[in-house]
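Below are the chains, spelled out letter by letter.
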Amino acid sequence: MSARAPVRPPAQPGHLPVMLAEVLETLAPADGDVIVDGTFGGGGYAQAILKAAKCKLIGIDRDLDAVMRAETLAAVHPGLVPLLGRFGEMDAHAAQAGHPGVDGVVLDIGVSSFQIDEAARGFSFMKDGPLDMRMGAVGPSAADVVNRMAERNLANVIFRLGEERNARRIARSIAERRAAQPFETTADLAALVEVAVGGRRGARTHPATQTFQAIRMYVNDELGELARGLRAAEQILKPGGRLVVVTFHSLEDRLVKQWLRERAGAVPAGSRHLPLLSKPAPPSFGQITNKALQPSEKEVETNPRARSARLRAVIRTDAAAFASPADDGMDLPPITELEAST
């Protein structure tokens, strides 16, 4: 893999934090609070929170470049504590930072503009680069998935995570082509998908958009990480603490909506893996927003990336955390089984 581009400073123009005003309003940071920003990214939320209140902010990201940006920002804001890691383990990270209980958690789910804009990261077919897509620097890459995953499993990933109706055709084309020559670059895969679905035919988006989305989400276990992150936030938030989640994809928003509704007592506790409790547990969260907030028309005009954003916010009660495990509801084969699927 080629060397990464130099790390850019936090929140550079062009990398606008989405629904920032709504995030600040629902999170309501106050002096003395301890806040976890589980997806530091470009630092847009972090800077605004630190300016809004004299608080401590634990900035977590699995991307080393993002943590380096956080370290740069920490020189200006001593209240910032940068940590390299997954937000699904924020309970352990917060404890490591000396704060087993916190007053707020904010999560901005999905890939960051910094990652998309760097061709060497391999997230986008708009800029040809190595087929990587890893938010961190460890584990199998997108090339490993495309070249080694069993055709049936690959079709399932593309269909379930990309909601791509041509998933079987795309997976079959990938399997036929990789038998002769493995995929190495984003442009190579995008071109194959375009041919597999019969060209663009006047479509507003590239035919490979949903396939790339699915592979990226699978490589980074994004729905599983989200489920674990919600569970970890439930564990570490103090009574009265606030959880704010911004999503950009229908699968993410659906997971957050259903999880928060259960925790707020709107649906019976339990899952398809466990029987329903005979007596529902007391709600661990109360709703701040009764339904998802959406960006204003003005923000969408200024920042088109905000178009699909949805914000949901809840406040922690003094009830115990639910006993049900984190579950993304996808039942996809774990990426660790790639070698067995060749």
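Look up a bit, the structure's there.
Residues numbered from 1 in each chain as written. Predicted model: local features only at pLDDT ≥ 70, side-chain atom pairs only at ≥ 80, totals over all residues. Heavy atoms only, no water.

**Notes on the pairing of strand β5 (residues 237-247)**
Inspection of the sheet shows strand β4 (residues 102-108) paired to β5 by 6 bridges, in the parallel sense. Note on β5: the bridge partner recorded for glycine 104 is arginine 242. Here 6 bridges tie β5 to strand β7 (residues 310-316), and the two strands are oriented antiparallel to one another. Across the sheet, valine 244 pairs through a bridge with alanine 313, a residue of β7. (Pairing = 2+ DSSP bridges. Helix = DSSP H or I, 4+ residues; strand = E, 2+ residues; numbered from the N terminus.)

**Remarks on the sheet that holds β5**
A sheet is described by the order of its strands in space; here 7 strands give the open sequence β3-β2-β1-β4-β5-β7-β6, paired in mixed fashion. Strands with a single pairing partner mark the edges of an open sheet, and in this sheet they are β3 (80-84) and β6 (285-287). Strand-to-strand twist in this sheet, taken as the mean axis angle between neighbours without regard to direction, amounts to 20°. This element, helix α1 (residues 20-27), spans β1 (34-37), β4, β5 and β7 of the sheet and lies at about 165° to β5. Against the sheet, helix α3 (residues 64-74) contacts β2 (56-61) and β3, and its axis sits at roughly 165° relative to β3. (Axes fitted to C-alpha atoms, helices over the stretch in contact; angles between N-to-C directions. Contact = heavy atoms within 4.5 Å.)

**Here's the deal with the environment of glycine 38**
Counting through the fold element by element, glycine 38 comes out in the loop between β1 and α2 (44-52). With 195 residues separating them in the primary sequence, glycine 38 and alanine 233 have C-alpha atoms 9.6 Å apart. Dropping the residues within four chain positions of it, glycine 38 is found in contact with Ile60, Phe87, Val106 and Leu107.

**Remarks on the pattern of salt bridges**
For the structure on display, the rule yields 12 salt bridges. Among the ionic pairs, aspartate 144 bridges to arginine 148, the shortest N-O distance being 3.4 Å. Highlighted residues: aspartate 144 and arginine 148, both in helix α6 (residues 142-148), separated by 4 residues, approximately one helical turn. By relative accessible area, aspartate 144 is classed as partly exposed at 24%. Each member of the salt-bridge network shares a partner with another, and the members are Arg86, Asp221, Glu225 and Arg228. (Salt bridge = Lys/Arg side-chain N within 4 Å of Asp/Glu carboxyl O. Buried < 20%, exposed > 50% of the residue type's maximum accessible area, 1.4 Å probe, protein only.)

Just geometry here; none of it tells us what the structure is for.
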